[in-house]
Amino acid sequence: MKKIITLILALIITITALGFSGMPAFAFAPSVSTGLQKNPYYAGREIADSSLEEFTVGNSVSKKYGGKTYYTNGTQLSKRLADALESRSRTVTLYYLSTSVLRTSNSIINTMDRIFAEATDDSFRSTCTGGDYQRWSMDSWEADTYIDNYDGSYYYYRIPITYYYYDTAAQEKQVNAVVNSFVNGLDTNSMSDYQIIKAVHDFICDNTVYCYDALDDFESNKYAYSAYGALVKGSCVCQGYSLAFYRLCKELGYSARIITSEYYDWSTYSYSGHAWNLVGVGDYYYYVDATWDDEDEGVNYDYFLVNYKNLRVNDDAQEHVPEEKYFDGDYYYSTYGDYIDENNYNANDPYLLSNCVMSLSGNTYTYSGSKICPGVTVISPYYTELSSDNYRTYYKANINTGNAKAFAEGVGDYHGTSHRQFKIKPKKMGNLSIVSGGRAATSLKLKWTAAGGSVSGYKIEYYKNGKWSVVATVTGGSSNTATVKSLTPAKSHKFRIRAYKMASKQVLYGAYSNVYTTCTTPKTPALTLKTAKKSITASWKKLDATGYEVQLSTKSNFKSGVKKYTLGSKATSKKIGSLKSKTKYFVRVRSYKTIGGKKYYSAWSTVKSLKCK
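Keep in mind that what you see is a predicted model, and the values were worked out from it rather than measured.

**So, the overall build of the protein chain**
Part 1 of the reasoning: Along its length, the protein chain carries 12 helices and 37 strands.
Part 2 of the reasoning: Projected onto the principal axes, the alpha-carbon positions of the protein chain cover approximately 110 × 80 × 40 Å.
Part 3 of the reasoning: Within the protein chain, buried positions represent 49% of all 613 residues.
Part 4 of the reasoning: In the protein chain, of all internal contacts separated by at least 6 residues, the share reaching a separation of at least 24 is 64%.
Part 5 of the reasoning: With the model as given, the accessible surface of the protein chain reaches about 28900 Å², and the carbon-plus-sulfur share is 48%.
Part 6 of the reasoning: For the protein chain, the centre of its 72 positive side-chain charges and the centre of its 55 negative side-chain charges are spaced 36 Å apart.

What follows is the structure in structure tokens.
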């Protein structure tokens, strides 16, 4: 029976591939499963593209079906996966659009490997937790694949994927705390680039030991393959060392990559791998292997900012021979290869700007819409302040909010470059206000003017019981409304708002708006009617209100012939007399609260009608 079903399904897919369209979705219900697959960049697995190659990722083609948007390979699809990997999502469903049918598990595996490669490409998302950091934090994955539709040109694939990581989202938060503490604790205005990179190297080596247990018992020690192992647990293997070094360098604004090798391990009779780093200091790139520099008797520097020849010293097992895929294509050579120094870094060259102390006149500025150019001071190792004749300055990313950079480039006897990061925080927010029709008894819809400067979002705070607390977080810089719920009716409420920008994993806040005081409406009265001879009595329960307004009309839309009655706070009914017998009347009621000399009305009650006796 299984063979017959398989043949029928294969026939359906084959017919579909020949060009028949308009087939119902149920024809594509069966799935193809991949089984558990290791990360394609690990030893023993290969993908068609280089690990350091820059992918040309354009915009995805998108199609709608069943309320979902399906994407071909491209920016939108890569972003979907990159966001999931960065947040350590265990499961993610990709809606994939393809011009060809994926018939076998191998075709699914190759497709998913390619999407993973694009989403974790360092040029696609070069943040401290993107690129290589995502690529080497994922251990394995598995997926089922469903064809939801075929429109004659594209197959609509729904692919639920389960990812297995070396650390969790909660553990990544602990990593963030350690990273922020270390980065904020460095006085980069009194350090050279060399000293900053050395501080990263030493921090990792001083606080980490090699986890040999992970080699024998992976499941119990898989954290050792993550930055969490290095920075929080203090125990990791080479992958953890290199992830931690990459993360800290990127946080401080330095270009870094993770390099791996594949070699035959005679102790286990299998292929193994090693990981280390490539980091840019000044005008050149150098190799760093914190794993091999971390010795029992202390920190070693044999593999710190070295050239390839010295990286290979004592490397009998060829652990430092990069995999061939690192050299596929022109991207590696144009971006890194041509700039890897033939010599070790010279920390004793007093005329090399990356050995000089570079400081800025300020480290945090407020967005203004114009270029921000802090003053730059450079002091040589001889404790001599250099003049503008010895270097020129230039800036990058210094308009919008986030991390910006200032550079000093040597002139004359001085050579090389140095740089420092500075931050541009959002500007002070303008005042809040109420959206038209956004005032209700238990909610208020607030609005504001977007901050500008590519902010990440906004946080609205509410004052209660003597303190401020966040009641709404709105992501997206162009957003300008939010609804605050669960408020007390007929009361004054205080709010304020500020914009924020995510700079790596640090949050840059702008100044608060002025405090905005407004109020909710009273509750809407529940109306009941009764009639007596030539009269109607409207009744309701007492509410927290200053008063009530009752309206009566012979028209259900209250457009004409309306009689209005205003009553005080103690009123719970209104008898309306001198009416016409056997005439149908329509009645409604609302409450109001006077705050600050202004009346705030509730919504009208449900309109009720009654024929007068």
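**So, the sheet that holds strand β34 (residues 573-576)**
Part 1 of the reasoning: Sheet architecture is open: 3 strands sit in the order β30-β31-β34, paired in antiparallel fashion. Two strands lie at the open edges of the sheet, namely β30 (528-532) and β34, each paired on one side alone. Here the strands of the sheet are splayed against their neighbours by 15° on average, with no regard to which way each runs.
Part 2 of the reasoning: Pairing between strand β31 (residues 535-539) and β34: 4 bridges, direction antiparallel. Directly across from Ile 536, in β34, lies its bridge partner Ile 576.

**Describing the packing of helix α2 (residues 75-86) against helix α3 (residues 105-119)**
Part 1 of the reasoning: Between α2 and α3, whose axes approach to 8 Å, the crossing angle comes to 75°. With respect to each other, α2 and α3 are oriented roughly perpendicular. Packed against α2, whose contacting residues are Leu 77, Ser 78, Leu 81, Ala 82 and Leu 85, the element α3 presents Ile 115, Phe 116, Glu 118 and Ala 119 at the interface.
Part 2 of the reasoning: Taken together, the residues of the contact of α2 with α3 sort by class into 7 nonpolar, 1 polar and 1 charged.

**Side note on the nonpolar core**
Part 1 of the reasoning: By size, the foremost hydrophobic cluster in this structure holds 79 residues, and its most contacted members are Ile 161, Tyr 163, Ile 197, Val 279 and Leu 305.
Part 2 of the reasoning: Examining the composition of this core, we find that 8 residues originate from one element, helix α9 (residues 238-251), more than from any other.
Part 3 of the reasoning: Counting 20 residues, the second largest nonpolar core, distinct from the first, contains Leu 432, Tyr 458, Ile 460 and Ala 482.

**Some thoughts on the packing of aromatic side chains**
Part 1 of the reasoning: Enumeration over the complete set of coordinates arrives at 29 aromatic pairs.
Part 2 of the reasoning: Measuring from ring centre to ring centre gives 6.4 Å for Tyr 41 and Phe 116, while their planes differ by 45°; the resulting arrangement is tilted. A residue pair is termed long-range when its members are at least 10 positions apart, and Tyr 41 in the loop between β2 (37-38) and β3 (62-65) and Phe 116 in helix α3 qualify at 75 residues.
Part 3 of the reasoning: Judged by its relative accessible area of 2%, Phe 116 is buried.
Part 4 of the reasoning: Their ring planes at 55° and their centres at 5.3 Å tell us that Trp 448 and Tyr 458 sit as a pair that is tilted. Separated by 10 residues along the polypeptide, Trp 448 in the loop between β23 (444-447) and β24 (457-464) and Tyr 458 in strand β24 bring together distant segments of the chain.
Part 5 of the reasoning: Note on Trp 448: relative accessible area 5%, which makes it buried.
Part 6 of the reasoning: Looking at Tyr 458, the relative accessible area reads 0%, which means it is buried.
Part 7 of the reasoning: Here the aromatic residues Tyr 194, Tyr 286, Tyr 301, Phe 304 and Tyr 345 are joined through ring pairs into a cluster of three or more.
Part 8 of the reasoning: The cationic tip of Lys 38 hangs over the ring face of Phe 218; the distance from NZ or CZ to the ring centre is 5.5 Å.

**Brief notes about the sheet that holds strand β19 (residues 391-396)**
Sheets are built from strands paired through backbone hydrogen bonds, the pairs being either parallel or antiparallel.
Part 1 of the reasoning: Pairing within the open sheet is mixed, and its 4 strands lie in the order β17-β21-β20-β19. Whereas interior strands pair on both sides, the edge strands pair on one side only; in this sheet they are β17 (364-366) and β19. Averaged over all neighbouring strand pairs, the angle between strand axes comes to 30°, with direction disregarded.
Part 2 of the reasoning: Two elements, β17 and strand β21 (residues 417-425), share 3 bridges in a ladder whose sense is parallel. Among the inter-strand pairings, Thr 364 is bridged to a residue of β21, identified as Lys 423.

**With respect to the pairing of strand β35 (residues 584-595)**
Part 1 of the reasoning: Among the 12 residues of β35, 10 are classified as buried, and the element is accordingly described as predominantly covered.
Part 2 of the reasoning: As judged from the 7 bridges shared by strand β32 (residues 547-553) and β35, these two strands associate in the antiparallel manner. Looking at β35, one finds that Val 550 is bridged to Val 589.
Part 3 of the reasoning: Bridge count between β35 and strand β37 (residues 608-611): 4 bridges; the pairing is antiparallel.

**As for the side chain of Ser 591**
Part 1 of the reasoning: Its location among the elements puts Ser 591 in strand β35.
Part 2 of the reasoning: There is a polar contact of 2.7 Å between the side chain of Ser 591 and the backbone oxygen of Lys 523.
Part 3 of the reasoning: In this structure, Ser 591 is in contact with Pro 522, Lys 523, Pro 525, Leu 543, Ala 545, Gly 547, Tyr 548, Tyr 600, Tyr 601 and Ser 602, ignoring residues within four places of it in sequence.

**Quick notes on the state of the cysteines**
Part 1 of the reasoning: Applying the stated criterion across every chain, the model contains 0 disulfides.
Part 2 of the reasoning: Take Cys 249: it sits in no disulfide, and the sulfur closest to it among the cysteines is that of Cys 128, at 12 Å.

**Notes on the packing of helix α5 (residues 169-185) against α9**
Part 1 of the reasoning: Close contact between α5 and α9 brings their axes to 11 Å; oriented N to C, the two are set at 50°. With respect to their mutual orientation, α5 and α9 come out oblique. Both α5 and α9 take part in a crossing whose hand is right-handed. Contacts between α5 and α9 involve Glu 172, Val 175, Asn 176, Val 179, Phe 182 and Val 183 on the former and, on the latter, Arg 247, Leu 248 and Glu 251.
Part 2 of the reasoning: Counted by class, the contact of α5 with α9 contains 5 nonpolar, 1 polar and 3 charged residues.

**What about the environment of Leu 508?**
Part 1 of the reasoning: Relative to the assigned elements, Leu 508 resides in strand β28 (residues 506-509).
Part 2 of the reasoning: On a C-alpha basis, the gap between Leu 508 and Ala 397 in space is 16 Å, while along the polypeptide they are 111 residues apart.
Part 3 of the reasoning: When sequence neighbours within four positions are dropped, the list of residues in contact with Leu 508 reads Gly 402, Lys 423, Ile 424, Lys 425, Pro 426, Ala 499, Tyr 500, Lys 501 and Ala 503.

What counts as what
Residues numbered from 1 in each chain as written. Predicted model: local features only at pLDDT ≥ 70, side-chain atom pairs only at ≥ 80, totals over all residues. Heavy atoms only, no water. Helix = DSSP H or I, 4+ residues; strand = E, 2+ residues; numbered from the N terminus. Buried < 20%, exposed > 50% of the residue type's maximum accessible area, 1.4 Å probe, protein only. Contact = heavy atoms within 4.5 Å. Areas by Shrake-Rupley, 256 points an atom, 1.4 Å probe, with all protein chains shown as cover. Lys, Arg positive; Asp, Glu negative; His and termini not counted. Charge placed at Lys NZ, Arg CZ, Asp CG, Glu CD. Pairing = 2+ DSSP bridges. Axes fitted to C-alpha atoms, helices over the stretch in contact; angles between N-to-C directions. Parallel < 35°, antiparallel > 145°, perpendicular 65-115°, else oblique. Nonpolar A, V, L, I, M, F, W, Y, C, P; charged D, E, K, R; others polar. Core = buried A, V, L, I, M, F, W, Y, C linked by side-chain atoms within 4.5 Å. Phe/Tyr/Trp six-rings, centres within 6.5 Å; stacked < 30°, edge-to-face > 60°. Lys NZ or Arg CZ within 6 Å of the ring centre and 35° of its normal. Polar contact = N/O pair within 3.5 Å; in protein donor to acceptor, adjacent residues only side chain to side chain. Disulfide = S-S within 2.5 Å. Left-handed = near helix turned anticlockwise from the far one by under 90°.

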